[in-house]
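# Close look at the chain arrangement
One letter stands for each residue in the lines below.
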Amino acid sequence: MTDGRFEPLVTNLRAAWARAYVRIFAASREPSWILTETLLPVIGMCAYVFVYRALGAPRAFEAFVVLGGVMMAYWLGVLWSMGTQFYWEKQDGNLEFYLMAPCSRMAILTGMAVGGVVMTSLRALSALALGLFVFRVPFDLAQGWTALAVFLLTLGSLYALGMCLASLFLMYGREVWHVAHALEEPVYLANGLYFPIRALGPWGFAAIATIPLAIGLDAMRQLLLGAAAAKPILPVATEIWILVGAFFVYLGVAVAMLRWTENQGKKRGTLILRHQ
Amino acid sequence: MNPEVLEDTRWTGDSPAHAPPTLDLSRDGAAVWVHGLTRSFESGKKIRKTVVAVDGIDVAIGRGELFGILGPNGAGKTTTMKILTTLLFPTSGEVRVAGFDAVTKPREVRRRISLVTGGDNAGYGILTVRESLWMFSQFYGVPNKDSRERSELLLDKLGLREKADERINRLSTGFKQRLNFARGFMSDPEIVFLDEPTLGLDVESARQLRAFLREWMAEKAGQRTVVLTTHYMAEADELCDRIAIIDRGKILATDSPHGLRQIVSADRRVVIELDAGTPTDALARIAGVRVIRITTPSEKGTIAIHLGVSEGRAMRQVLDSLMVEGRAVHNLSTHDPSLEDVFVAIVGRGLNEDVGGDA
């Protein structure tokens, strides 16, 4: 074991990498995964593109769909691979290993997040490739680097939210399944994954206050589509600040919630006993 | 138990050679020091009911000890283990592990301990055995080089070498259990908590794990500590330096296996196989001899007389009596009282006569 004041940091980095390893390398050993993660998810996206084409909508709408498809993959990852993960770990008997280890729970969640981002990126890239090379959507890459930074910032905020959900779902046990389902479809709608969020009216603005997906998506649309991104919600700079704030707020809440959940679990005995 | 530095005067030399002759059982020196430990659970949604799983336990385990906690289901063994390993808060009492308070300094405790629970839970099925061992070591911050060396050693010692690159979800239950066991040693802990580690294991695998455990303890005698809960009397008897007998949340006795047997009786047990119909009155009249039981005649037409013989002179009188009367002795054996005898005497029922699920 490493000695010195950097020992906790080193331990946490090792723990995060080890947990990410399971997702990045081991998960790809299942051949069926390629099909379910790359081909199937883009089918829904294609449907929207064809609808817009049939209606003769501006080409920018197809770009909305492609960007939405990319970001939807990450939202699903956050919901199912981050939020529910500790619950599944508990059911499988692995949670005890994590609670017993001297590393931080946040290190484990960070590992899950990094692994999740890498794995989900394959799915997101397949959506992007479809958009660029098959549908030939008109992206303007003049502000590509800024768009990339916004994308990473959005992921940071999203996965920090996922860490909050992980504690929440751990606490509520079996009901997690229904909660995750309940958050799936409404979020597609509320975040305007396949259409300009302005179409939602005031409710659209309310939605962006809770989930950073819409904000990030709107900023990326502005940066990659320029004037074609009709009626953005807020200026890009404001949206960037909101994303930065969301990242820190969600991260802080996640740390506090994890600590609270663990202490409650230790008091009640619910974390170590399965099916509770 | 008085938590002071004391000499373990009950040490009899019949336990494994690695056991130290003196034990520091003080609050800060002991590997595990528990005082007034109580844990209760609330159960029932409509009518709240309080179940006391651990009821005022005091125990001190010295560094270098292999300490057994023996008790039936529902005795409080697992709850105690979870508290010692920082997974549960106690309702009251003080718990110190490796010199640190398990409630207020859990991270310090976790750096020094590991827990292996019985069963075949060995992590993610998609990882190979080698990868799984590496992964667990990383949660403890073990450098890769050390992790590799330890995993290679454990693969050999626990008979996992041929399965090293196989995915866990393709392993048999026995191999998964071995892997689960190996996992607990990857961080080179000071104290290992083993909760029914051989539960459901085949005889050969269980023997291999026990042999490894003895070897591991001997490697750093006096520094490594094992706390073991088990159902198996023979396992506790074979491995443990001291054993605590626990029932309904209370520790009823703590001593070396030899010392525990002394609680039941100072007698040696003698079994004499004689022809059926042999009078046994003369044996019962010998001073220092108790007839414990006489078996029914066997197919060979013999009976076995179980005697408790308190001293050597009495044993000689037993033999003289048989020779004088010209009885045919088919077999004669002597042994100490077993732990099973001890358990029944202390708890009031056998280990397998359960009273409910384990707390």
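Residues numbered from 1 in each chain as written. Chains lettered and ligands numbered in written order. Predicted model: local features only at pLDDT ≥ 70, side-chain atom pairs only at ≥ 80, totals over all residues. Heavy atoms only, no water.

## Some words on the overall build of chain B
If you tally the helices and strands in chain B, you get 11 helices and 16 strands. Across chain B, contacts joining residues at least 24 apart in sequence account for 71% of those joining residues at least 6 apart. Of the accessible surface of chain B, which amounts to about 15,200 Å², a share of 50% is contributed by carbon and sulfur atoms. (Helix = DSSP H or I, 4+ residues; strand = E, 2+ residues; numbered from the N terminus. Contact = heavy atoms within 4.5 Å. Areas by Shrake-Rupley, 256 points an atom, 1.4 Å probe, with all protein chains shown as cover.)

## Looking at the overall build of chain A
Broken down by element type, chain A carries 12 helices and 0 strands. Put simply, chain A runs from its N terminus to its C terminus through helices and strands in the order α-α-α-α-α-α-α-α-α-α-α-α. The buried share of chain A, reckoned over its 276 residues, is 54%. For chain A, contacts bridging at least 24 residues in sequence account for 79% of all contacts bridging at least 6. Approximately 12,200 Å² of chain A is accessible, and the part contributed by carbon and sulfur atoms is 71%. (Buried < 20%, exposed > 50% of the residue type's maximum accessible area, 1.4 Å probe, protein only.)

## Thoughts on empty space enclosed by the protein
The method is simple in principle: a probe with the dimensions of a water molecule rolls over the atoms, and the space it marks as empty is what remains. With the rule as written, the count across this model stands at 8 cavities of 30 Å³ or more. Computed from the structure, the largest cavity encloses a volume of approximately 100 Å³. Lining the largest cavity are E96, F97, M100 and A101 of chain A together with S114, L115, F136, F139, Y140, R183 and G184 of chain B. Every element with two or more residues in the lining of the largest cavity is listed here: α6 (95–100) of chain A together with β8 (113–117) of chain B. Ranked by residue count, the leading element in the lining of the largest cavity is α6 of chain A, at 3 residues. Size it by volume and the second largest cavity reaches roughly 70 Å³. Lining the second largest cavity are F86, L95, Y98, L99, R105, L170, L258, T261, E262 and L271 of chain A. Among the secondary structure elements, those contributing two or more residues to the lining of the second largest cavity are α6 and α12 (236–268) of chain A. (1 Å grid on protein atoms, 1.4 Å probe; cavity = no way out; pocket = protein on both sides within 12 Å on 5 of 7 lines; lining within 4 Å. Points joined across faces, edges and corners; volume = space filled by probe spheres on them.)

## Considering the sheet that holds strand β6 (residues 92–97) of chain B
Backbone-to-backbone hydrogen bonds join strands into a sheet, with any given pair of strands oriented parallel or antiparallel. All names here are of chain B. An order of β4-β3-β6-β7 is seen for the 4 strands of this open sheet, with the pairing classed as antiparallel. With one partner strand each, in any of the chains shown, β4 (49–61) and β7 (100–101) form the two edges of the open sheet. Bridge analysis of strand β3 (residues 32–43) against β6 gives 5 bridges, and the strand direction is antiparallel. Bridging across to β6, T38 finds its partner in S92. Sitting on the sheet, helix α1 (residues 77–84) touches β3, β4 and β6, and the angle it makes with β3 is about 115 degrees. (Pairing = 2+ DSSP bridges. Axes fitted to C-alpha atoms, helices over the stretch in contact; angles between N-to-C directions.)

## A short note on a nonpolar patch on the surface
Residue and element names in this part refer to chain A. Where nonpolar side chains cluster on the molecular surface, the patch consists of L35, L39, L40 and I43 and spans about 390 Å² of accessible area. Assignment of secondary structure puts L35 in helix α2 (residues 32–39). Overall, L35 belongs to the partly exposed group, its relative accessible area being 44%. (Patch = residues over 30% accessible without salt bridge, like charges linked within 9 Å, V, L, I, M, F, W, Y side chains within 5 Å. Salt bridge = Lys/Arg side-chain N within 4 Å of Asp/Glu carboxyl O.)

## Some thoughts on the environment of S43 of chain B
Along the chain, S43 of chain B falls in strand β3. Accessibility expressed as a relative area gives 28% for S43 of chain B, which makes it partly exposed.

## As for the pairing of strand β9 (residues 191–195) of chain B
All names here are of chain B. Along β9, 5 of the 5 residues are buried, which leaves the element largely enclosed by surrounding structure. Of the two faces of β9, both are covered, the one formed by I191, F193 and D195 as well as the one formed by V192 and L194. Direction of pairing for β8 relative to β9: parallel, over a ladder of 5 bridges. The residue of β9 that forms the bridge with T117 is D195.

## With respect to the pairing of strand β10 (residues 225–230) of chain B
All names here are of chain B. Among the 6 residues in β10, 6 count as buried, and that is most of the element. The two faces of β10 match: T225, V227 and T229 on one face and V226, L228 and T230 on the other face are all buried. With 5 bridges connecting them, strand β5 (residues 66–70) and β10 associate as parallel partners. Along β10, the bridge assignment pairs I69 with T229. Here β9 runs beside β10; their pairing, made up of 5 bridges, is parallel. By the bridge assignment for β10, L194 is matched with L228. Read as a crossover between parallel neighbours, the route from β9 over helix α6 (residues 203–219) to β10 is right-handed. (Right-handed = clockwise from strand over helix to strand, strands pointing away.)

## Description of the sheet that holds β8 of chain B
Residue and element names in this part refer to chain B. Read across the open sheet, the 6 strands follow the order β8-β9-β10-β5-β11-β12; overall the sheet is mixed. Of all the strands in the sheet, the pair left with one neighbour each is β8 and β12 (250–255). The sheet shows a mean angle of 15 degrees between the axes of neighbouring strands, direction not considered. Inspection of the sheet shows β5 paired to strand β11 (residues 242–247) by 4 bridges, in the parallel sense. In the sheet register, L70 faces β11, and the bridge partner there is I245.

## Quick look at the interface of chain A and chain B
Taken residue by residue, the interface counts 39 residues in chain A and 37 residues in chain B. Interface area, chain A with chain B, both sides summed: about 3,500 Å², of which 58% is carbon and sulfur. Across the pair R111 of chain B and E7 of chain A runs a salt bridge whose closest N-O atoms are separated by 3.1 Å. Inspection of the region where chain A meets chain B yields 14 residue pairs in polar contact (both at pLDDT 80 or more). Contributing elements (two or more residues each) for the side of chain A that touches chain B: α1 (7–26), α5 (85–92), α6, α7 (105–134) and α12 of chain A. (Buried area = accessible area lost by both parts, 1.4 Å probe. Polar contact = N/O pair within 3.5 Å; in protein donor to acceptor, adjacent residues only side chain to side chain.)

These values are about where atoms sit, not about what they do.
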